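# Chains, contacts and geometry: an overview
This is what each chain is made of:
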Amino acid sequence: MRAPVEASAVHKRGIGIVPRLFYRYRRIAKWLSIFLAVAGPGIIVMVADNDAGGITTYAATGARFGYGLLWFLVILGPAAYYVQEMTVRLGAVTKRGHAEAIFETFGKFWGWFSLTDLVLADWLTLITEFIGMTAALSIFHVPPFVTVIVVSIVMGIMVLQGRYWTWEKVALFFCGLNLIYIPAAFMVHPSVSEVLRGALVPGFPGGFNNNIFFFLMANIGTTIAPWMIFFQQSAVVDKGMDEKDIPFGKVDTFVGAMCTVLVAGFVIIVTATVLKGVQIDSAAQASQALMGINKYLGTFLAIGLFDAGFLGAICISLASSWAFGEIFGWAHSLNNKIKEAPWFYGSYFILLLSAGTVVLIPGAPLVLITLFVQVIAVTLLPAALVFLILLLNDSELMGKYKNTRAQNIVSVSIVVIIVLLSTLYAVSALFPRIFQ
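Okay, so let's go over this structure. Remember, predicted model here, so these are calculated numbers, not experimental data. (Residues numbered from 1 in each chain as written. Predicted model: local features only at pLDDT ≥ 70, side-chain atom pairs only at ≥ 80, totals over all residues. Heavy atoms only, no water.)

## Here we look at the overall build of the chain
Secondary structure summary: the chain contains 19 helices and zero strands in total. Across the 436 residues that make up the chain, the buried fraction comes to 53%. Accessible area for the chain stands at about 19100 Å²; split by element, carbon and sulfur atoms hold 71% of it. (Helix = DSSP H or I, 4+ residues; strand = E, 2+ residues; numbered from the N terminus. Buried < 20%, exposed > 50% of the residue type's maximum accessible area, 1.4 Å probe, protein only. Areas by Shrake-Rupley, 256 points an atom, 1.4 Å probe, with all protein chains shown as cover.)

Here's what the structure looks like:
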């Protein structure tokens, strides 16, 4: 009689497995549905971080140093996550954008200082986005003025439709298109062992010199930028995220950080594999060079460059407009119609059109502007990071969501490294032989 009893027990246990599996499925499905509703700001800001200037920087890095600086990107990914994760907590807890938080906490002087810092960096960076978009479409024989006009119209339609959620869905579509660099890298058949060595073994190809400092700073400037801090915090507020959404916002930002590193790494892999030793000054030049080797590969790079510039432009222009609205007390939500927030939309279009006009100036040193903007961005970054860290350590403001000791160690280390690299670059520029 013992065997039937055991069989019956096993049968009962088998029945119990089904409800448990169903319960787990329901929990996972619920978590996923909430995540998909909350996700957006983190993925968009991190993927848009690989903007036109970024793609140019990565392409030039791969062509000059091969796979030798891939390890630096591996480090920059987590660093970018730590910085942006703080904006999620700050926005969800305070319900204020970054500019407003600085004004109310540190006063008008530092508020105007941070706003000037932001607007200068944003305007210069926005110029590089138009440089990238016009250069990319010029490969397909589209005149620059047509690109500027059409892009401005499309960006205008995106913000004037009156809903943040609609804008976010369109932006996420372009984020998906940014992944086009991944199949492009597989098309060139890189050496897996050399790629892994470059990603895992730190080194400075060519030694310590002005060039290596310039490219290290340019890579930092295009991976962690002041506009990203302002954009994501304002996006979190505009989307209406609350404290309960913070865990999902962190995952959203982590996924975006992974995409940033992957795309950046694959761009370097493409140019390092095919164009190493070739003088590359822009991603458009790299695309044209690749056209002669494989037209599909060159086309992928050109499409990706345009997409990168477009993503960067839609985010950077909004970062400044949100900041203006927060400081001057204007209505400043994408959920507002143009009649409800005329100054918000007006500042958006002024910034957009003025940056696009610069690109159309005959003889403007566009390539030089693109590379140096990344360096300017990283030079201005420490000030933005210091404000962010101070705000996240305000117990009265953040409560239980304030920075932990570990988070402070990481954040302060990022600031110290950036300041150190900036100083070394300045020294190497003034005394070129010191590191030879």
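## Here's the deal with the packing of aromatic side chains
With the rule as written, the count across this model stands at 25 aromatic pairs. With 6.3 Å between their ring centres and 20° between their planes, F306 and F310 make a pair best called stacked. Of this pair, F306 and F310 both sit in helix α15 (residues 295-328), four residues apart, which is roughly one turn of the helix. Under the relative-accessibility criterion, F310 is labelled buried at 2%. (Phe/Tyr/Trp six-rings, centres within 6.5 Å; stacked < 30°, edge-to-face > 60°.)

## Describing a nonpolar patch on the surface
Where nonpolar side chains cluster on the molecular surface, the patch consists of F145, I149, V150, I153, V154, I157 and L360 and spans about 630 Å² of accessible area. Assignment of secondary structure puts I153 in helix α7 (residues 144-160). Taking relative accessible area as the criterion, I153 reaches 49% and is therefore assigned partly exposed. (Patch = residues over 30% accessible without salt bridge, like charges linked within 9 Å, V, L, I, M, F, W, Y side chains within 5 Å. Salt bridge = Lys/Arg side-chain N within 4 Å of Asp/Glu carboxyl O.)

## Here's the deal with the pattern of salt bridges
For the structure on display, the rule yields five salt bridges. The salt bridge involving E85 is made with K250; its shortest N-O contact spans 3.5 Å. Taken together, the residues E85 in helix α4 (residues 70-94) and K250 in helix α13 (residues 246-274) connect sequence positions 165 residues apart. The residue K95 makes a salt bridge to D242 at a minimum N-O spacing of 3.2 Å. Here D242 lies in the loop between α12 (226-239) and α13 and K95 lies in the loop between α4 and α5 (98-106), a separation of 147 residues in the sequence. Given a relative accessible area of 40%, K95 falls into the partly exposed group. Taken together, the shared-partner salt bridges connect E85, R89 and K250 into one network.

## So, the packing of α5 against helix α6 (residues 108-138)
Taken N-terminus to C-terminus, the directions of α5 and α6 make an angle of 155°; their axes are 7 Å apart at the nearest point. Here α5 lies roughly antiparallel to α6, going by the angle between them. Here α5 and α6 pass one another in a crossing that is right-handed. Contact residues: α5 offers I102, F103 and F106, while α6 offers K108, W110, G111, W112 and S114. Its residues assigned to classes, the contact of α5 with α6 comprises five nonpolar, two polar and one charged. (Axes fitted to C-alpha atoms, helices over the stretch in contact; angles between N-to-C directions. Parallel < 35°, antiparallel > 145°, perpendicular 65-115°, else oblique. Left-handed = near helix turned anticlockwise from the far one by under 90°. Contact = heavy atoms within 4.5 Å. Nonpolar A, V, L, I, M, F, W, Y, C, P; charged D, E, K, R; others polar.)

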